Amino acid sequence: MRLSDIMGAANLSVYAEIAMILFIVAFIAIVILIFSPGRQRTYDAASRMPLDDEHPQTPR
Amino acid sequence: MNARLDSFSYDDDIVRKFLWATMIWGLVGFLVGLIIAIQLTMPESNFAPIWTFGRLRPLHTNAVIFAFAGNAWFTGAYYSSQRLLKTRMWSDGLSKFHFWGWQAIIVAAALSLPLGYTQSKEYAELEWPIDIAIAVVWVAFAVNFFVTMARRRERHIYVAIWFYIASIITVAILHIFNNLVVPAGAMKSYSIYAGVQDAFMQWWYGHNAVAFFLTTPFLGLMYYFLPKAADRPVFSYKLSILHFWTLVFLYIWAGPHHLHYTALPEWASTLGMLFSVMLWMPSWGGMVNGLLTLRGAWHKVTEDPILKFFVVAVTAYGMSTFEGPMLSVKSVNALAHYTDWIIAHVHTGALGWNGFLTFGMVYWLAPRLFQTEMYSRKLMEWHFWLGTFGILLYVVAIYSAGATQGLMWRAFDETGRLQYPDFVETVMRLMPMYWVRVAGGTLWIVGTCLGLYNLFKTWANRPAAYEVPVIQAAPLSREFFDDPHAPAAAGVWARFTNASWHRKWERMPLFFSVMTAVAVIVASLFEIIPTFLIKSNVPTIASVKPYSPLELAGRDIYQREGCFNCHSQMIRPFRYETERYGDYSKPGESVYDHPFLWGSRRLGPDLAREGGKFPDLWHVRHMYNPREITQQSIMPAYPKLQENVIDFDNIQKHVDAMAMLGVPYGDAVNKAPQMAREQAQQIAAGIEAAGGPKGLHDKEIVALTAYLQRLGRDLKNASAATAPPTAAPRPAVVAAPGGNR
């Protein structure tokens, strides 16, 4: 019996759908995170980073 | 706060090196592009063996992707990363190793591809020793980059760096898995995957090479250099983060849209289509974000050629990322696949997005790196307008060429027969548009030359010694204090949205990188594993047998000459395809194809059922000079194939490598050269008897003919019990309906 026979019998194709759901959940979490209030200050500082070559915008 | 301040300076020397490499290799890559564009209009400008379309086309694609765009990314990455992380690159030695290693690889590619050393997988043509060198150089780059990140003096990692990280990691994964081969000589190898699986792997790679070599790195550059040039922060930082995560999540799934209506399983191609359409949203989010960064600064665009380059680049990004999802919709793809439409799509992206973003970046960098004024603003303007008109001429002509050919292939007349049964008719119709392409490409190249001249003159005005500013900044403290002004988080939900944990990730570059890698790998595995391990996805066909040793040698020649650049071997299940070429291709037919040679573009007819359509002598004469058979053919002539002697000694090595991959070769494992000689004698005798040239029994043309006559025969043999056995198929002397192609 070859590996492909064993794997073929294991019905793995359902995993693709599980992975997709996992991805969607993770993605929604990220969206909520990005648009949650209270992060604006960090983002404002971060967005200025390219404009100053010498001074860290988000030190510590 | 930490009272101690570090003093350091940025390494701009490495940026200057990469900048010159970008422009010089860019010019080389563009020139090769012009040469192959001319070859398509004038077949006489092909000179076998080295100077043919089939060998130069991979050189063009590799040069513009890996030499031009690659060096452009490195230029911008070395400049921006040091400044965004407020630290010098960790190791100047590794930076230099990366630079010289990468240039050496480019030189190796420029030599080996025209010499015919190729793995025959698009954008992964380079043979295995060069692939190993690429991996080594890439690891050096990655190590240098990640240690630099760990030593940064800025807490937050700017979004441009996220794009670089994702690119570095994903390119490494793609490169390694698509290039797994069994060597069969110093510069020869066979892919460990076969047929459908190889095709799946290749387009998982091919699509993501576009995503993670031409898109995400350049988005990183956009998010750094566009704010710089406009002198204002990006329109929405939130949107840029969303852009990043969506691309990382979606792109990796989209590869199968390159294989619609092929022998790929239906579910995989539908999955690829869905994810491709979903990609439209974040891509346009990114485009809008780029354009809106210029809000309140549009008056500058009329004055500043750099911003002009950027605006056109971002617009081209929007156009090609709109078109990509559209092309991935199956019904649109049915028309566009195998035609010039794809070539036009790619050039909107490559010339508009990658090219113009690079030029804008180079012009922004030049006065800063060479510490002098730009030599001529007027030349920059000229470069911009020549480039813009070059792009327009190119894409308008080639879009119409694609649509024209696609429509001609599927046209039936009122009696229900193909309206254009002669393939060459559908090629001839494209010639005016091909000349317009030559004109467009020429404008583009003139613009590039002006750019190089301008850069050279700027460089000539540089100071005797470059000034190296010393920067002072505090190192990051080990104890992290989150924003003291932030409201205290209460409850699970608040803690989640407060996201201190995410900021903690951001402070841990290696952890963050690992998470990105996990996202990419998980998506890849879940997409790929089913095709590889579920047998029912690739039904076997009992009558399909391995190639005979001589046919394998012929296949090697087919690969060497790059025939797959113009001839597909994959008939789609449409009536207009089966009428023209024969029964549609089945997944089980290519189980011994290491690598698969399905092709992606038809400048000549499909060859999947070529075997037996024409007599052997037809192939001999056709290869000697295609225009003796089909007056208007644009195929290069290969007269040398009648003189070159088959490398019988190496056949055994090649058969052994295939046997190692599990191809059931039986007797041939011991006496491949002998079997090859016997079959060659037989075919040569037949050619001679038919009135063809004498003494071909050990010449390459016989091996190639044997291979071509084998294509698609196994299935015919299965349906016709009277057909001869598969071991040494003899061609039936039957001309295809429609006759002269």
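Treat the numbers as computed from the prediction; the structure is a model and nothing was measured. (Residues numbered from 1 in each chain as written. Chains lettered and ligands numbered in written order. Predicted model: local features only at pLDDT ≥ 70, side-chain atom pairs only at ≥ 80, totals over all residues. Heavy atoms only, no water.)

A.B. asks: I'd love a proper account of the overall build of chain B, names of residues and values included.
C.D. replies: Counting its secondary structure elements, chain B contains 26 helices and four strands. Computed over the C-alpha atoms, the radius of gyration of chain B is 27 Å, within 12% of the 27 Å expected from 2.2 N^0.38 for a compact globule of 741 residues. Along the longest, intermediate and shortest principal axes, the C-alpha atoms of chain B span 90 × 55 × 55 Å. Burial status across chain B gives 63% buried among its 741 residues. (Helix = DSSP H or I, 4+ residues; strand = E, 2+ residues; numbered from the N terminus. Rg over C-alpha atoms; globule rule 2.2 N^0.38 Å. Buried < 20%, exposed > 50% of the residue type's maximum accessible area, 1.4 Å probe, protein only.)

A.B. asks: Explain the overall build of chain A to me, and be specific about the residues and the numbers.
C.D. replies: Along chain A, the regular secondary structure elements total three helices and zero strands. Secondary structure of chain A in N-to-C order comes out as α-α-α. Expressed as a percentage of its 60 residues, the buried residues of chain A come to 30%. Accessible surface, chain A: about 3,500 Å² in total, of which carbon and sulfur atoms supply 66%. (Areas by Shrake-Rupley, 256 points an atom, 1.4 Å probe, with all protein chains shown as cover.)

A.B. asks: An account of the packing of aromatic side chains is needed here, citing residue identities and associated values.
C.D. replies: Residues and elements named next belong to chain B. Using the criterion set out here, one finds 62 aromatic pairs over all chains in the structure. On the numbers, 5.2 Å between centres and 90° between planes, the contact of phenylalanine 163 with phenylalanine 244 is edge-to-face. One end of the pair, phenylalanine 163, is in helix α5 (residues 159–178); the other, phenylalanine 244, is in helix α7 (residues 237–251), and 81 residues separate them in sequence. The same class applies to phenylalanine 163 as to phenylalanine 244, namely buried. One Lys or Arg, arginine 16, reaches over the ring of tyrosine 466 and ends 3.7 Å from the middle of that ring. Sitting over the ring of tryptophan 459, arginine 462 keeps its end group 4.0 Å from the ring centre. (Phe/Tyr/Trp six-rings, centres within 6.5 Å; stacked < 30°, edge-to-face > 60°. Lys NZ or Arg CZ within 6 Å of the ring centre and 35° of its normal.)

A.B. asks: A description of the packing of helix α19 (residues 549–560) of chain B against helix α24 (residues 668–689) of chain B should follow, citing residues and the corresponding values.
C.D. replies: Residues and elements named next belong to chain B. Taken N-terminus to C-terminus, the directions of α19 and α24 make an angle of 80°; their axes are 7 Å apart at the nearest point. By the angle class used here, α19 and α24 are roughly perpendicular. Where α19 approaches α24, its residues Pro549, Leu550 and Glu551 are matched on the opposing element by Ala668, Ala672, Met675, Ala676, Gln679, Ala680 and Ile683. Tallied by class, residues from the contact of α19 with α24 come to eight nonpolar, one polar and one charged. (Axes fitted to C-alpha atoms, helices over the stretch in contact; angles between N-to-C directions. Parallel < 35°, antiparallel > 145°, perpendicular 65-115°, else oblique. Contact = heavy atoms within 4.5 Å. Nonpolar A, V, L, I, M, F, W, Y, C, P; charged D, E, K, R; others polar.)

A.B. asks: Lay out the side chain of B:Asp304 with the relevant residues and their values.
C.D. replies: Residue and element names in this part refer to chain B. Looking at the secondary structure, you find aspartate 304 in the loop between α9 (298–303) and α10 (305–328). Buried within the structure, aspartate 304 lacks any salt-bridge partner; arginine 377 is the closest side chain of opposite charge, at an N-O distance of 4.7 Å. A polar atom in the side chain of aspartate 304 sits 3.0 Å from the backbone nitrogen of isoleucine 306. (Lys, Arg positive; Asp, Glu negative; His and termini not counted. Salt bridge = Lys/Arg side-chain N within 4 Å of Asp/Glu carboxyl O. Polar contact = N/O pair within 3.5 Å; in protein donor to acceptor, adjacent residues only side chain to side chain.)

A.B. asks: Please provide a residue-by-residue account of helix α12 (residues 340–369) of chain B, values included.
C.D. replies: Side chains of residues three or four places apart in an α-helix project in the same direction, reflecting 3.6 residues per turn. At B:Gly355, α12(B) shows its strongest bend, of approximately 30°. Where α12(B) starts, the residue carrying a side-chain oxygen 3.1 Å from the main-chain nitrogen of B:Trp341 turns out to be B:Thr339. (Bend = angle between axes of the 7 residues up to and from the residue.)

A.B. asks: So what about empty space enclosed by the protein? Which residues, and what values?
C.D. replies: All names here are of chain B. Counted under the stated rule, the structure contains eight cavities of 30 Å³ or more. Approximately 550 Å³ is the volume found for the second largest cavity. His567, Gly604, Pro605, His622 and Met635 are, among the 32 residues lining the second largest cavity, the residues nearest its centre. Among the elements of the structure, α1 (13–41), α2 (53–85), α14 (423–428), α21 (616–624) and α25 (700–710) are those that each provide at least two residues to the lining of the second largest cavity. Broken down by element, the lining of the second largest cavity gets its largest block of residues, four residues, from α21. For the lining of the second largest cavity, the residue count by class is 19 nonpolar, ten polar and three charged. (1 Å grid on protein atoms, 1.4 Å probe; cavity = no way out; pocket = protein on both sides within 12 Å on 5 of 7 lines; lining within 4 Å. Points joined across faces, edges and corners; volume = space filled by probe spheres on them.)

A.B. asks: Please set out the pattern of salt bridges residue by residue, giving values where relevant.
C.D. replies: Counted according to the given criterion, the structure contains 27 salt bridges over all chains. For the salt bridge of B:Arg560 with B:Glu561, the shortest nitrogen-to-oxygen distance reads 3.0 Å. With a relative accessible area of 21%, B:Arg560 lands in the partly exposed category. The exposure class of B:Glu561 is buried, given its relative accessible area of 4%. Between B:Lys640 and B:Glu643 there is a salt bridge, and its shortest N-O distance comes to 3.6 Å. Where salt bridges share partners, they join A:Asp53, B:Asp12, B:Arg83 and B:Lys228 into one cluster.

A.B. asks: Go over helix α6 (residues 195–230) of chain B with me, naming the residues and quoting the values.
C.D. replies: Residues and elements named next belong to chain B. The first and last C-alpha atoms of α6 sit 49 Å apart over 36 residues, in line with the 52 Å expected at 1.5 Å per residue. When the local axis directions of α6 are compared, the greatest deviation, roughly 30°, occurs at asparagine 208. Count one or two residues on from α6 and you reach aspartate 231, which has phi positive near 60°. (Expected span 1.5 Å × (residues − 1).)

A.B. asks: I'd love a proper account of the environment of B:Trp284, names of residues and values included.
C.D. replies: All names here are of chain B. Residue position: tryptophan 284 is located in helix α8 (residues 266–292). Look at tryptophan 284 and you get partly exposed, because its relative accessible area is 32%. Between the C-alpha atom of tryptophan 284 and that of phenylalanine 322, which follows or precedes it by 38 residues, the distance is 7.7 Å. When near neighbours in sequence (up to four residues on either side) are disregarded, tryptophan 284 contacts Gly318, Thr321 and Phe322.

A.B. asks: Residue-level account of the state of the cysteines, with values.
C.D. replies: All names here are of chain B. Evaluated as defined, the whole model comprises zero disulfides over all chains. No disulfide involves cysteine 563; its nearest neighbouring cysteine sulfur is the one of cysteine 566, lying 8.5 Å away. Look at cysteine 566 and you get buried, because its relative accessible area is 16%. (Disulfide = S-S within 2.5 Å.)

A.B. asks: Please give an account of the packing of α1(B) against helix α15 (residues 431–460) of chain B that cites residues and values.
C.D. replies: All names here are of chain B. The interhelical angle for the contact between α1 and α15, taken along N-to-C directions, is 160°, at an axis separation of 9 Å. Regarding the angle of α1 to α15, the classification is roughly antiparallel. When you trace α1 past α15, the crossing you get is left-handed. Each residue belonging to the contact of α1 with α15 can be placed in one class, and the counts come to 22 nonpolar, five polar and one charged. (Left-handed = near helix turned anticlockwise from the far one by under 90°.)

A.B. asks: If you had to explain the confidence of the model for chain A to someone new, which residues and values would you point to?
C.D. replies: Mean pLDDT for chain A: 76, with 68% of residues reaching 70 or above. Taken element by element, chain A is modelled with least confidence in helix α1 (residues 3–9) of chain A, mean pLDDT 59, and with most confidence in helix α3 (residues 40–47) of chain A, mean pLDDT 85. (pLDDT = per-residue confidence, 0-100.)

A.B. asks: Could you give me a rundown of the nonpolar core, with the residues and numbers involved?
C.D. replies: Residue and element names in this part refer to chain B. Among the nonpolar cores identified, the biggest contains 179 residues, and Trp73 and Trp102 are the most heavily contacted of them. Ranked by residues supplied to this core, first place goes to α6 with 22 residues. Those residues in contact with tryptophan 73, other than ones at most four positions away along the chain, are Trp138, Phe141, Tyr164, Ser167, Ile168, Pro217, Phe218 and Leu221. Counting 45 residues, the second-largest nonpolar core is a separate cluster that includes Leu617, Ile651, Tyr665 and Ala668. (Core = buried A, V, L, I, M, F, W, Y, C linked by side-chain atoms within 4.5 Å.)

A.B. asks: So what about the environment of B:Pro693? Which residues, and what values?
C.D. replies: Residues and elements named next belong to chain B. Relative to the helices and strands, proline 693 resides in the loop between α24 and α25. Residue proline 693 is classed as partly exposed on the basis of its relative accessible area, which comes to 30%. Spatially, the C-alpha atoms of proline 693 and arginine 677 are 18 Å apart, while their sequence positions differ by 16 residues.

A.B. asks: I'd like a rundown of the layout of surface pockets, residues and numbers included.
C.D. replies: It is the rolling of a water-molecule-sized probe over the atoms that shows where space remains empty. Residue and element names in this part refer to chain B. Empty space within the second largest pocket amounts to approximately 490 Å³. Forming the boundary of the second largest pocket are 22 residues, of which Lys188, Asp556, Arg560, Asp647 and His654 lie nearest the centre. Elements with a contribution of two residues or more to the lining of the second largest pocket: α19 and α23 (648–660). Top element by residues in the lining of the second largest pocket is α19. It accounts for five residues. A breakdown of the residues in the lining of the second largest pocket according to their chemical character gives nine nonpolar, six polar and seven charged.

A.B. asks: Let's hear about unusual backbone geometry: which residues, and what values?
C.D. replies: All names here are of chain B. Note that the residue after alanine 48, namely proline 49, is joined by a cis bond; omega there is 5°. With respect to the helices and strands, the residue proline 49 is situated in the loop between α1 and α2. That bond from histidine 594 to proline 595 is cis: its omega, -10°, falls within 30 degrees of zero. Position of proline 595 among the secondary structure elements: in the loop between α20 (575–581) and α21. In this structure, serine 120 is a non-glycine residue whose phi angle is positive, near 60°.

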